[in-house]
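Descriptive analysis of the structure
Single-letter residue listing:
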Amino acid sequence: CLNDRMIARQRQGAALRGADQSSELDSGVERVAVRAPRTTSVRPLLWALWVLVVLGMLTLLLVRSGLYAYDKRTSLRAARGAPMAVPTLSHNVSNRSGLPDKITGRFRQRAVAGRTRLPLPPSVAKKLPPRVAKPVRGYNALKPPARPSADSLCRTFRVGDRKDFLLVLAPIFVELGLCPSESSFFDVYWGIALNALESFGSSQLGHSSLPVGAILNSVPLMMQVVGEKPSIASLQSACNRYLVKGRGKASKLYASGWCDFTQRGFNARRHSDHGSVLMEFDALRDYVRKRSIVSGSFPSIWIRKSVIAYSQVGIGLVHLAEKDVSTTRAMVDWAEQHIPAGDYTLQEYLAVPMQWKDRKFDMRAVAMLTSVQPLRFYVLDHAFPKIATKAYTNDITSLEDECIHFKMPVCAEPLSPYPARSTDSLLFREGLLPPMRSDKHWDEKLYPAVYKVLLRVVLLARREVIPADEELVRTGSRHKRVQVLQPDVIFDVNGNAYVIEMNTNGFMVGSLHKEFFDATPQIRSATEIAGVNNYPLRPRYEAEATRLLRAHCALENQADWKATAAAGQLIRHHLPVAAPRCLAPTRGPEHPELTEWAALWDMLDEWCHAGRWMPIWPPREESTYANIQRMYADMARPELRAKYWTASDGVLLRFSRWLQLDAGVGARPPLPFCHAAQQLALENRTIERAQCKCPATGRAPPSNSELVHVLNRQRRDYRSGHSDEITKLSDKATHALTFKLPRPDRQRFPVGYKGLAYIPTGTEARVDPSQRN
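What counts, and at which threshold
- Residues numbered from 1 in each chain as written.
- Predicted model: local features only at pLDDT ≥ 70, side-chain atom pairs only at ≥ 80, totals over all residues.
- Heavy atoms only, no water.
- Helix = DSSP H or I, 4+ residues; strand = E, 2+ residues; numbered from the N terminus.
- Buried < 20%, exposed > 50% of the residue type's maximum accessible area, 1.4 Å probe, protein only.
- Areas by Shrake-Rupley, 256 points an atom, 1.4 Å probe, with all protein chains shown as cover.
- Phe/Tyr/Trp six-rings, centres within 6.5 Å; stacked < 30°, edge-to-face > 60°.
- Lys NZ or Arg CZ within 6 Å of the ring centre and 35° of its normal.
- Pairing = 2+ DSSP bridges.
- Contact = heavy atoms within 4.5 Å.
- Axes fitted to C-alpha atoms, helices over the stretch in contact; angles between N-to-C directions.
- pLDDT = per-residue confidence, 0-100.
- Salt bridge = Lys/Arg side-chain N within 4 Å of Asp/Glu carboxyl O.
- Disulfide = S-S within 2.5 Å.
- Polar contact = N/O pair within 3.5 Å; in protein donor to acceptor, adjacent residues only side chain to side chain.
- Parallel < 35°, antiparallel > 145°, perpendicular 65-115°, else oblique.
- Left-handed = near helix turned anticlockwise from the far one by under 90°.
- Nonpolar A, V, L, I, M, F, W, Y, C, P; charged D, E, K, R; others polar.
- Patch = residues over 30% accessible without salt bridge, like charges linked within 9 Å, V, L, I, M, F, W, Y side chains within 5 Å.

Bringing the overall build of the chain into the picture now. The number of helices and strands found in the chain is 27 helices and 19 strands. Out of the 773 residues in the chain, the part that is buried amounts to 52%. A total of about 37,300 Å² of accessible surface is found on the chain, and carbon and sulfur atoms cover 54% of it.

A few words on the packing of aromatic side chains. With the rule as written, the count across this model stands at 15 aromatic pairs. An aromatic cluster is built from F361, F428, W442, Y447, Y451 and F491, whose rings are joined through pairwise contacts. When the ring centre of W601 is taken as reference, the NZ or CZ atom of R538 above it lies at 5.3 Å. When the ring centre of Y625 is taken as reference, the NZ or CZ atom of R657 above it lies at 3.7 Å.

In space, the 5 strands of this open sheet follow the order 6-5-9-7-8, with antiparallel pairing throughout. Edge strands, defined here as strands with exactly one partner in the open sheet, are strand 6 (277-278) and strand 8 (315-320). Of the pairings in the sheet, the one linking strand 7 (residues 300-306) to strand 9 (residues 342-348) comprises 5 bridges and is antiparallel in character. Residue pairing in the sheet places W302 in a bridge with E348 of strand 9. Lying on the sheet, helix 12 (residues 281-295) is in contact with strand 5 (265-270), strand 6, strand 7, strand 8 and strand 9; it crosses strand 7 at an angle near 140°.

Now for the confidence of the model for the chain. For the chain, per-residue confidence averages 75 on the pLDDT scale, and 72% of positions sit at 70 or higher. Of the regions scoring below 50 in pLDDT, residues 66-120 engages in 89 contacts with residues more than four places distant in sequence or in other chains. Per-residue pLDDT stays below 50 along residues 726-773; that stretch engages in 107 contacts with residues further than four places along the chain or on separate chains.

Moving on to the pattern of salt bridges. As enumerated under the stated definition, the model contains 29 salt bridges in all. Here R269 and D343 are joined by a salt bridge, their closest N and O atoms 2.8 Å apart. Highlighted residues: R269 in strand 5 and D343 in strand 9, separated in sequence by 74 residues. By relative accessible area, which is 30% here, D343 ends up partly exposed. Between D469 and R481 there is a salt bridge, with the nearest N and O atoms lying 3.1 Å from each other. Of this pair, D469 sits in helix 16 (residues 439-474) while R481 sits in strand 16 (residues 480-481); the two residues are 12 residues apart in sequence, bridging distant segments of the chain. Assessed through its relative accessible area of 7%, D469 is described here as buried. Because the salt bridges share partners, they merge into one network encompassing D381, D424, R429, D443 and R612.

Okay, the sheet that holds strand 1 (residues 156-159) next. Backbone hydrogen bonds are what pair the strands of a sheet, in a parallel or an antiparallel way. In spatial order, the strands read 2-1-3-4-16; together these 5 strands make up an open sheet with parallel pairing. Strands at the two margins of the open sheet, each flanked by one partner only, are strand 2 (179-180) and strand 16. The sheet strands contacting helix 7 (residues 163-175) are strand 1 and strand 3 (188-190), and the helix crosses strand 1 at an angle near 170°.

The subject of this paragraph is the state of the cysteines. Within this structure, the stated rule accounts for 6 disulfides. Covalent S-S linkage joins C239 and C259, the inter-sulfur distance amounting to 1.8 Å. Classification of the bridge connecting C239 and C259 rests on its S-S torsion, roughly -70°, and on that basis the disulfide is left-handed. You can see C239 sitting in helix 10 (residues 231-244) and its partner C259 sitting in the loop between helix 11 (252-255) and strand 5, a full 20 residues away along the chain. As far as the burial class goes, C239 and C259 line up, both buried. Here C608 engages in a disulfide with C674; their sulfurs sit 1.7 Å apart. As the torsion about the S-S bond is roughly 85°, the C608-C674 disulfide counts as right-handed. Residue C608 is located in the loop between helix 21 (596-607) and strand 19 (613-617), and its partner C674 is located in the loop between helix 24 (647-661) and helix 25 (676-682); the two are separated by 66 residues in the primary sequence.

A word on the side chain of K305. When you line up the elements, K305 lands in strand 7. By relative accessible area, which is 3% here, K305 ends up buried. In terms of polar contacts, K305 uses its side chain to reach the side chain of Q347, at 2.9 Å. In this view, K305 contacts K229, G314, I315, D343, Y344, T345, Q347, I500 and E501; residues no more than four positions away in its chain are not counted.

Looking now at the packing of helix 20 (residues 565-572) against helix 24. In the contact formed by helix 20 and helix 24, the axes pass within 8 Å of each other and the chain directions differ by 125°. Taken together, the axes of helix 20 and helix 24 are oblique relative to one another. The interaxial crossing formed by helix 20 with helix 24 has right-handed handedness. Only L653, R654, R657, W658 and L661 of helix 24 make contact with helix 20, whose side of the interface consists of A565, A566, Q569 and L570. A breakdown of the residues in the contact of helix 20 with helix 24 according to their chemical character gives 6 nonpolar, 1 polar and 2 charged.

Let us now look at the environment of E683. By the element assignment, E683 lies in the loop between helix 25 and helix 26 (704-719). Here E683 falls in the buried class, since its relative accessible area comes to 2%. In this structure the C-alpha to C-alpha distance between E683 and R524, which are 159 residues apart in sequence, comes to 8.2 Å.

Here we take up the environment of E688. Of note, E688 is situated in the loop between helix 25 and helix 26. We classify E688 as exposed; its relative accessible area is 51%. Separated by 512 residues in sequence, E688 and L176 place their C-alpha atoms 8.1 Å apart.

A word on a nonpolar patch on the surface. Together, W47, W50, V51, L52, L55, L58 and L61 make up a nonpolar patch on the protein surface, roughly 740 Å² of accessible area in all. With respect to the helices, strands and loops of the structure, W47 is situated in helix 3 (residues 43-65). Residue classification places W47 among the exposed residues on the basis of a relative accessible area of 60%.

Another point: unusual backbone geometry. The amide bond that connects L433 to the next residue, P434, takes the cis arrangement and shows omega of 0°. Position of P434 among the secondary structure elements: in the loop between strand 15 (432-433) and helix 16. Put simply, W617 and P618 share a cis peptide bond, and its omega is -5°. At L221, a residue that is not glycine, the phi angle is positive and equals roughly 70°.

This brings us to the pairing of strand 5. Judged from the 6 bridges that link them, strand 5 and strand 9 form a sheet pairing that is antiparallel. When the sheet's bridge partners are listed, G265 is paired in strand 9 with Q347. Pairing analysis gives 2 bridges linking strand 5 to strand 6, with the strands arranged antiparallel. The partner of R270 across the bridge, within strand 6, is V277. As consecutive antiparallel partners, strand 5 and strand 6 are separated by 6 residues.

Written out as structure tokens, the structure reads:
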């Protein structure tokens, strides 16, 4: 038809130009009919359309026949790390598709050979021979970190020259199978916390002097960032400035009180009694005036603390009247009258605290930092109350009575009966004012508030510590650096928790003050979390933990990881975490040995020796995660994620959430040996005597008399000036001690008691009341 139209048009044109050209046009017409250049662009389109229709019909036949059916249970088994016992594609056994047998036979061959990833329905898969999935990147060959044999040499330790280190920690180390060091080399040092980065690179503490995996109870710069009197106030001030910088007061985090982990504080300095006071006068004046509008009353009471004084020395209460904040000049005059020479911190005094009966109280909580990057943070699940000896009043005339306000619990005549043990005491909980609605209110509402404020402090402080930690890793340091934190915490009448101050060199009380409480089991658990005795309980959970870790590592495909419940939860919290890469380094390619696999094992070893120390970051228990999940959502905000979140944190968080949401089978929790109920009993187990030999003597760890001899010799060397570098870096104060080391109290527990048996089913362990602490 197209050729006929072209011929007709050409003939009409020829008629107009003249009849003499008609013969030439006729010959041209023949040439056009032969070539027909315009018809070649239409026929391929028609062929392509016909092919698409045929393919669509074939696809419809395949779908209806079941060849492309998707098995969700197969995908779920793969996500949980179970062996793939079914192939991914098969022929239709009954061949209802209408396709020739030759085609269905080809599908059968490819399915059995496993050369396709298309899933198939279970009714078809069970009729084919099973195929086990191949190991993903060799994860099934990964093994847990090696532990030394029982008949090898014992690890050695050094402790600082302080009463609690000598009388509490040294006997604990010997009980755990360590030997006191007879030389300047050791595997564990526990003493006064070191702060300066130069101390960790010294000749004795450098990476070439101590063995790989040596443990130091110090994190560089941590004491400077949170452990000094002005530190908490400075940390809060920096938090407020950062959150409102460039965003105004409308910042959601600022408005929600994210930085209100402590009462407002201001630092002051005065070089002499007649010198000027250096202080943020305008900021203090504005804050007091705004607070007076909220409270509707004056005066404003503040607690003044000396920076260099400890043990409740150098503390006093001062008050600001309305006339003192009327002008900046009046503010300066007040400061010159109430701030003596030296460095001081003014902290707002909580005038309406929660009380125990009619007494004010605060608590000594205990926390532990075992890794900076990735962050691993623990808090003891109970605290030790410090109760005032006099009835509380906030009358202005009582500010000078230290026994009412801040000198607790030893001041004048001690309280009797004192709620001994800890905040677990029934006597303590029954005396709280305002009274609790139930006993669960403390465990589920009040004490989790302590977890939140301490976690905020650590997250804010870590930002200053990470550069120093990275510098040590860069220089080749392979030591494990841990830090015990002992914050003083107080509640207001509404149940909000506030950190008063943070101690990085707090007294390890142990059993030195049994009239109040005995914390020896908790301190022993802290040293086991640090790994001083190489995690002796690992044989009880090693096989189960290895299986779970391999299953988690097999989710390296991003699609498989996103199909898990853990990934969905993290995405809802705006914390998308990449799929596992267990062989990838967590600290960059220059440190290939620090892999995700090693980091996950470090976390599991600590979890399974935690006793009553609750893993807060990342959370081990679902209840802990429920209490702090808002913290994870906050960390996803741009103003926090940029500075307070690292990629290595996501490695541990990803596994902990997967363990809770995807790895459990029915009512049985994953890793039941490491569950909180089991750990409660394991904390008070009797430690078996070590079979290793001390490097110096070739004998078993020393007895009490031998330990006293070694410690006395080290102290004599210190006094004579012949001590080594680590002693000079530690506490320089000596104590006139009579070494009477307490014997291990084995009467509380049966001989050979090792905790509860491994629980195959159920979520809780029943603990015999006689075996509780």
